[in-house]
Amino acid sequence: MSACAVLRCQEQVDRAVASNRFGVRVEWGVCTQHAERISLGEVWRTDYEQRVLLMGVDVVVPEEYVFNGVAIGQARDNVATEDEPLFQVEFRLRRRFPRGNARDEREVSMFVSRQQLRKLGEDFIKFAE
């Protein structure tokens, strides 16, 4: 069986989602979890060069969104493995529409290992410099 088309997901393909490129329909095999998230309306993008789907924090945030905060905490016991604890990282994004006072706020959450969390912190520091 092949792996899910979502970047870094190694789960087995269960369903397909379709995208359109230059008028040509392209189908992507995704796992059950990602198929459910997509059906619930989560934003996803295609990266045709890498031949992957981007979801969660991998989706390029439109420039009208403003990064509004990040929260990091150790994942619940039922999510963490015995070998390595997982950490839940939540990114809060806020968008203000050009007309009126309407706002749209989103939270993107992901589970990462200690090593991934360390790398994420290093990337934030590079970005701030």
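Residues numbered from 1 in each chain as written. Predicted model: local features only at pLDDT ≥ 70, side-chain atom pairs only at ≥ 80, totals over all residues. Heavy atoms only, no water.

### So, the overall build of the protein chain
Link 1 in the chain: In terms of regular secondary structure, the protein chain is built from two helices and seven strands.
Link 2 in the chain: When the elements of the protein chain are put in sequence order from the N terminus, they spell out β-β-α-β-β-β-β-β-α.
Link 3 in the chain: Within the protein chain, buried positions represent 28% of all 129 residues.
Link 4 in the chain: The contacts of the protein chain with a sequence gap of at least 6 include a subset with a gap of at least 24, amounting to 37%. (Helix = DSSP H or I, 4+ residues; strand = E, 2+ residues; numbered from the N terminus. Buried < 20%, exposed > 50% of the residue type's maximum accessible area, 1.4 Å probe, protein only. Contact = heavy atoms within 4.5 Å.)

### Things to note about the nonpolar core
Link 1 in the chain: Among the nonpolar cores identified, the biggest contains twelve residues, and these are Cys-4, Ala-5, Val-6, Cys-9, Val-17, Trp-28, Val-30, Cys-31, Ala-35, Ile-38, Leu-53 and Met-55.
Link 2 in the chain: Those elements that place two or more of their residues in this core are β2 (24–30), α1 (32–39) and β4 (52–55).
Link 3 in the chain: Not counting residues within four places of it along the chain, the set of residues in contact with Val-6 comprises Val-30, His-34, Leu-53 and Met-55.
Link 4 in the chain: Counting seven residues, the second largest nonpolar core, distinct from the first, contains Phe-87, Phe-91, Met-110 and Val-112. (Core = buried A, V, L, I, M, F, W, Y, C linked by side-chain atoms within 4.5 Å.)

### Concerning the side chain of Asp-47
Link 1 in the chain: Within the element layout of this structure, Asp-47 appears in strand β3 (residues 44–47).
Link 2 in the chain: Looking at Asp-47, its side chain comes within polar contact range of the main-chain nitrogen of Glu-49, at 3.1 Å.
Link 3 in the chain: Polar contacts involving the side chain of Asp-47 include one to the main-chain amide nitrogen of Gln-50, which spans 3.0 Å.
Link 4 in the chain: Apart from the residues lying within four places of it in its own chain, the contact partners of Asp-47 are Trp-28, Val-52 and Leu-54. (Polar contact = N/O pair within 3.5 Å; in protein donor to acceptor, adjacent residues only side chain to side chain.)

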